[in-house]
Amino acid sequence: MPLSRFRVLQVGSGIALDYCGKLFADFGADVVKLEPVGGDPLRSFPPILSGGESGLFAWLNTNKRSVIETALGELLPGADLLLDGRPSLAVMAGTRPAMTEGAEFIRATVATTTISWFGESGRYAGFAATEATVRALGGLVALTGRAEGPPTLATDCQSGIIAGLAAFIASAAGLYDRASGSRRFSVSVHETAVNIAEYEAAVAWDIGVSRARPGVNRFGRNYPVGIYQTQHGMIGVTIVTPGQWRGICAMLGMPDLAKNPRYAVNTDRLAHAQEIDALFQPVWETRTATEWFELALEYKLPMAVVPTMAELLEQHVHRVRGAFVPVRIGDVGFEAPVLPQHLTLTPPRAGGTAPLAGEDAAVWLVPAADRPAEPASGKTLPLHGMRIIDLTMGWAGPTAARHLGELGAEIIKVEACQYPDWWRGTDLRASFIAEQKYEKIPWFQLMNRNKLDVTLDLTHPDGVALLKRLVADADAVIENYSAEVLRKLGLDYSVLSKVKPGLVMLSMPAFGSDNAWSACRGYGSTLEQASGLPTITGFPDDPPTMNQTAYGDPVGGFNAAAALMVALLHKQATGQGQNIDLSQVECMLPLIAPALIEQSATGHTPPRTGNRHPLYVPQGCFRCTGSDAWIAVSVTSDAMWRALCSVLGRDDLADLTAAQRRDRQDALEALITDWTAVRSPDDAMAVLQARGVAAGVVRTPLALTDDPHLVARGFWRRLDRPFIGPHWQSSAAFREGPDAYPVRRVAPTLGQDNETILGGRLGLTRSEIDRLAASDVIGTIPKPRRAQSDQ
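What counts, and at which threshold
- Residues numbered from 1 in each chain as written.
- Predicted model: local features only at pLDDT ≥ 70, side-chain atom pairs only at ≥ 80, totals over all residues.
- Heavy atoms only, no water.
- Helix = DSSP H or I, 4+ residues; strand = E, 2+ residues; numbered from the N terminus.
- Rg over C-alpha atoms; globule rule 2.2 N^0.38 Å.
- Buried < 20%, exposed > 50% of the residue type's maximum accessible area, 1.4 Å probe, protein only.
- Areas by Shrake-Rupley, 256 points an atom, 1.4 Å probe, with all protein chains shown as cover.
- Lys, Arg positive; Asp, Glu negative; His and termini not counted.
- Charge placed at Lys NZ, Arg CZ, Asp CG, Glu CD.
- Polar contact = N/O pair within 3.5 Å; in protein donor to acceptor, adjacent residues only side chain to side chain.
- Contact = heavy atoms within 4.5 Å.
- Disulfide = S-S within 2.5 Å.
- Pairing = 2+ DSSP bridges.
- Axes fitted to C-alpha atoms, helices over the stretch in contact; angles between N-to-C directions.
- Salt bridge = Lys/Arg side-chain N within 4 Å of Asp/Glu carboxyl O.
- Expected span 1.5 Å × (residues − 1).
- Core = buried A, V, L, I, M, F, W, Y, C linked by side-chain atoms within 4.5 Å.
- Phe/Tyr/Trp six-rings, centres within 6.5 Å; stacked < 30°, edge-to-face > 60°.
- Parallel < 35°, antiparallel > 145°, perpendicular 65-115°, else oblique.
- Left-handed = near helix turned anticlockwise from the far one by under 90°.
- Nonpolar A, V, L, I, M, F, W, Y, C, P; charged D, E, K, R; others polar.

Trainee: Just checking my understanding: could you explain the overall build of the chain for this structure?
Mentor: Helices and strands together make up the secondary structure of the chain, namely 31 helices and 24 strands. The globule rule puts the C-alpha radius of gyration for 791 residues at 28 Å, and the 26 Å found for the chain is close to it. Expressed as lengths along the three principal axes of its C-alpha atoms, the size of the chain is roughly 80 × 65 × 50 Å. The burial tally for the chain puts 63% of its 791 residues in the buried class. In the form shown here, the chain has an accessible surface area of approximately 27300 Å², with 53% of it arising from carbon and sulfur atoms. Averaging the coordinates of the 73 positive side-chain charges in the chain and doing the same for the 83 negative ones gives two points 4 Å apart.

Structure below.
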């Protein structure tokens, strides 16, 4: 197993902490979970299995060991890495210890990663929190749900999974460079949420305002994007380009509709969405969802079957890939998602058994053998000296490379003047190029900081030859081309692994490679639809509800970076490279793990309950003063309920149990609304947090740059760049020390580093470079042609 040489000690509680530990354990590390007397609080989280244990806890803790009543100091000498989630445990217990609790252990030479809701500094560092309130403050709630409100909260597990990935990426990078000394990282769950929401923030910067919430079954500025009932099952649709609009009209037998000028532009179609829905819906009902999906493959349209949990567990493509694996705890078993990091040489364990509380005796009687004697000096970043060739476009791939770039890897982005990264803009008409708009797109700047950029026409023999020379000196390649593109260009893994023995190469198609659905084209919204996540989100009377961001893209990016780190650690130890076949749909499956586990274990999935929570009562989004102003409130304990009653002036209700509160949710939510409706969201949050009640303002993406906590933590930076001038840059969700990692380099201009890399590094002469430019193999300006959006 690729991580079998590492010992990991896990202390505290929380989904993010457990998922980070799961990544280590399922890839072979010896992970010991130190639990309090009575067990980890997550053992009581739904779904509860027939034996009384939590299915979610079991899945999160496969292949770990559990000890109780053992001093942390006794275990640390045997550990290579400490994963510390005690701040999360403190919040769940309704207490607020100082963030320095246990600092005497953290100062030891063991590498450490702490995981907390808001990081170790800033305005919110001591806040009570849940996934709901953190996502609200992170900009992930405001745009989702009914247009009139309330905004829709996501089900639990999602932000925790993503934060766990962030913690794993940083921790693995520290272990990769442990020859330089041990490192201490801190990870903020809140900032991982902002990393997901930052695209919408960039859109808001571009147009000067956050988009209004478009409503259920509407998405962004595009139409049709939504989920539709068919003869049997639901079909997810994402139509963005004019070519796709013509294609779906033809597929539905309405080719003349595409010629109607009223529907020519996305925003015009969105304005007439109800009348187009009325035309389309009877046609959708003439075939099953599977039949429509198979037809969409022929038309090359981004569509997907939107499965229920029961249907998802039966989908052949996932069964063939081994996406669901057996998990056991005690005498109970069920199926759950496998880790999606599909390394072809060293895959993760196919499921496993989770420990009962304290079932393991003393461990690690021998100290860790290769642990550094001193902390790292901090003079270099953990991935300094690593080189990665980035052949990706859009969001998912570029953000994966960005994560490793934040940690010091050299990222060489390869584009072509004929086909630059489409996040530079899809309109390559002469007027667009003349105005240099391809250098002014805000979201491109976010995903491509800390990178070099060369242009190579990979359809030209010279471009192919030069890329091979770059790969020969690289550690890894990441690509997200459509299926078969690199194979046709003679640049797939079978070729490049001969150019560079020991190469790690990651590909990230929607459904993985070499299966019946590998040719499926998809956006981030398509990935979310295919995962079944919308079927467990929203209110019971609404259609399945999608997040209002292309959720699958950043989720895929985090998973891809984690997969690369596993493969690179294996290569470091053995010299072996490998291909990574990452299915981006599989990357979404851990986010639905609780519902999927319940379906597998019990044969049913609980009904959607809107913003309510199975344990936290009450929970919801409540209207405040101001235009579309809301606050998320989540009551996690009886003590927190008593505090809320005191704030509301209703001490007569303070003794209600959680079960009694659940029976009176409508009335209690009305009481909270009466109180919040006469206060601003920030004032309401300040009052509630002062009494220890978990609450978070529902921030719009545009408001994130003014969030006082993010400002205090230096999360946002204004940096200067050619063509665009001062612009916003975000930060990684992980950091060493109190400050965010610096942006060493703003996003590159097209072909900015042609001379440096081709001339300086590969040794091409001036005349050779000039010849390549004259034949359009390289360049710094896109080639005018019909807009890609017309394709």
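From this point, the narrative continues.
Trainee: Help me understand the side chain of Asp40 in this model?
Mentor: Within the secondary structure, Asp40 is located in the loop between β2 (30-35) and α2 (55-60). Separated by 2.5 Å, the side chains of Asp40 and Ser13 make a polar contact. In this view, Asp40 contacts Gly12, Ser13, Asp18, Lys33, Glu35 and Phe57; residues no more than four positions away in its chain are not counted.

Trainee: How should the state of the cysteines be read in this particular structure?
Mentor: Each disulfide consists of a covalent bond between the sulfur atoms of two cysteine residues. As enumerated under the stated definition, the model contains 0 disulfides in all. Sulfur of Cys520: no disulfide; nearest cysteine sulfur belongs to Cys587 and is 14 Å away. Exposure remark for Cys520: the relative accessible area of 7% places this residue in the buried category. There is no disulfide at Cys624, and the cysteine sulfur nearest it, in Cys621, is 9.7 Å away.

Trainee: Hey, could you run me through the environment of Leu456 in this one?
Mentor: Among the structural elements, Leu456 can be located in the loop between β15 (451-455) and α18 (461-471). Residues Leu456 and Pro347, 109 residues apart in the sequence, show an inter-C-alpha distance of 33 Å. The residues touching Leu456, leaving out its near neighbours within four places in the chain, are Val414, Glu415, Ala416, Gly463, Leu466, Leu467, Leu470, Val777 and Ile778.

Trainee: Looking at this structure, I do not really get the sheet that holds strand β14 (residues 410-415). What am I missing?
Mentor: In a beta sheet, neighbouring strands pair by backbone hydrogen bonds and run either parallel or antiparallel. Taken together, 6 strands build an open sheet; the order of strands is β15-β14-β13-β16-β17-β18 and the sheet is parallel. The sheet is open, and its two borders are formed by β15 and β18 (578-581), each paired with just one other strand. Along the sheet, successive strands turn relative to each other by an average axial angle of 20°, direction set aside. Judged from the 5 bridges that link them, β14 and β15 form a sheet pairing that is parallel. Residue Val414 lies in a different strand from β15, and its bridge partner there is Val454. Helix α22 (residues 552-574) rests against β16 (476-479), β17 (504-507) and β18 of the sheet, and its axis sits at about 160° to β17.

Trainee: What exactly am I supposed to notice about the sheet that holds strand β10 (residues 324-329) here?
Mentor: Across the sheet, which stays open at both edges, the 3 strands sit in the order β11-β10-β12 with mixed pairing between neighbours. Looking at which strands have only one partner, the edges of the open sheet turn out to be β11 (332-337) and β12 (352-354). Direction aside, the axes of adjacent strands within the sheet are offset by 35° on average. On the sheet, helix α24 (residues 593-602) packs against β10 and β11 and is oriented at approximately 140° with respect to β11.

Trainee: How should I be thinking about the pattern of salt bridges in this particular structure?
Mentor: Any two side chains of opposite charge can pair, given that their charged atoms come close. This model, assessed by the stated rule, comprises 51 salt bridges. Of the charged contacts, one joins Glu35 and Arg43 as a salt bridge, the two residues approaching to 2.7 Å between their closest N and O atoms. Note on Glu35: relative accessible area 4%, which makes it buried. Using a relative accessible area of 9% as the deciding quantity, one classes Arg43 as buried. Among the ionic pairs, Arg178 bridges to Asp80, the shortest N-O distance being 3.0 Å. Within this pair, whereas Arg178 is found in the loop between α7 (158-176) and β6 (184-188), its partner Asp80 is found in the loop between α3 (72-75) and β4 (81-85), the two being separated by 98 residues in sequence. Like Asp80, Arg178 is buried. Linked through salt bridges whose partners overlap, the residues forming this network are Glu415, Arg424, Glu439, Asp453 and Arg721.

Trainee: Help me understand the pairing of β16, please; the structure alone is not making it clear to me.
Mentor: It is a general feature of regular strands that their side chains alternate between the two faces of the sheet. Residues Ala476 and Ile478 of β16 are buried on one face, and the alternating residues Val477 and Glu479, pointing to the opposite face, are buried as well. Alignment of strand β13 (residues 387-391) against β16, held across 4 bridges, turns out to be parallel. Bridging from a neighbouring strand, Asp390 pairs with Ile478 of β16. Alignment of β16 against β17, held across 4 bridges, turns out to be parallel.

Trainee: Which parts of the structure should I look at to understand helix α1 (residues 15-26)?
Mentor: Since there are 3.6 residues in each turn of an α-helix, residues three or four apart along the chain are aligned in direction. In this model, α1 (12 residues) spans 16 Å end to end at C-alpha, consistent with the 16 Å of a helix rising 1.5 Å per residue. Counted residue by residue, α1 has 12 buried out of 12 residues, so it is predominantly covered. When we look at burial in α1, the residues that qualify are Ile15, Ala16, Leu17, Asp18, Tyr19, Cys20, Gly21, Lys22, Leu23, Phe24, Ala25 and Asp26. Gly28 sits one or two residues past α1 and shows a positive phi near 110°.

Trainee: Just to check I follow, could you spell out the nonpolar core for this structure?
Mentor: Generally speaking, nonpolar side chains in soluble globular proteins are found buried as a group. Within the largest apolar cluster, 195 residues are counted, with the highest numbers of intra-cluster contacts made by Phe24, Trp59, Trp245, Met251 and Trp284. At 13 residues, α7 tops the list of elements feeding residues into this core. In contact with Phe24, other than residues within four places in its own chain, are Leu3, Val8, Ala29, Val31, Leu81, Leu83, Phe168, Ser171, Ala172 and Leu175. With 28 residues, the next largest nonpolar core counts Leu470, Val477, Leu762 and Ile778 among its residues.

Trainee: Sorry, what's going on with the packing of aromatic side chains here?
Mentor: The relation between two aromatic rings is expressed through the spacing of the ring centres and the mutual angle of the planes. Going through the model one piece at a time under the given rule, you end up with 23 aromatic pairs. Relative to Phe280, the ring of Trp245 lies with its centre 6.1 Å away and its plane at 40°, an arrangement referred to as tilted. Remark: Phe280 occurs in helix α11 (residues 273-284) and Trp245 occurs in helix α9 (residues 242-251); sequence separation between them is 35 residues. Measuring from ring centre to ring centre gives 4.8 Å for Phe293 and Trp517, while their planes differ by 75°; the resulting arrangement is edge-to-face. Of this pair, Phe293 sits in helix α12 (residues 289-299) while Trp517 sits in the loop between β17 and α21 (524-531), and the two are 224 residues apart along the sequence. Residue classification places Phe293 among the buried positions, given a relative accessible area of 1%.

Trainee: Explanation requested: the pairing of β18 in the structure shown.
Mentor: The side-chain alternation of β18 yields two buried faces, one formed by Gln578 and Ile580 and the other by Asn579 and Asp581. Sheet topology places β17 next to β18; 4 bridges connect them, and they run parallel. From the neighbouring strand, Leu506 faces β18, where its bridge partner is Ile580.

Trainee: Would you explain the environment of Leu381 in this entry?
Mentor: By secondary structure assignment, the location of Leu381 is in the loop between β12 and β13. Residues Leu381 and Ser180, 201 residues apart in the sequence, show an inter-C-alpha distance of 9.7 Å. Residues within four places of Leu381 in sequence aside, it is in contact with Asp177, Arg183, Glu406, Leu407, Gly408, Tyr741 and Arg744.

Trainee: Whenever I open this one, the packing of α7 against α22 confuses me. Can you help?
Mentor: In helix packing, the relevant descriptors are the interaxial angle and the interaxial distance, both defined with respect to the helix axes. Interhelical geometry of α7 versus α22 gives an angle of 25° and a closest axis separation of 9 Å. As judged from the angle between their axes, α7 and α22 are roughly parallel. In the packing of α7 onto α22, the handedness of the crossing is left-handed. Here Ile162, Leu165, Ala166, Phe168, Ile169, Ala172, Ala173, Leu175 and Tyr176 of α7 come into contact with α22, specifically with Val555, Phe558, Asn559, Ala561, Ala562, Met565, Val566, Leu568, Leu569 and Gln572. Classifying every residue of the contact of α7 with α22 gives 17 nonpolar, 2 polar and no charged.

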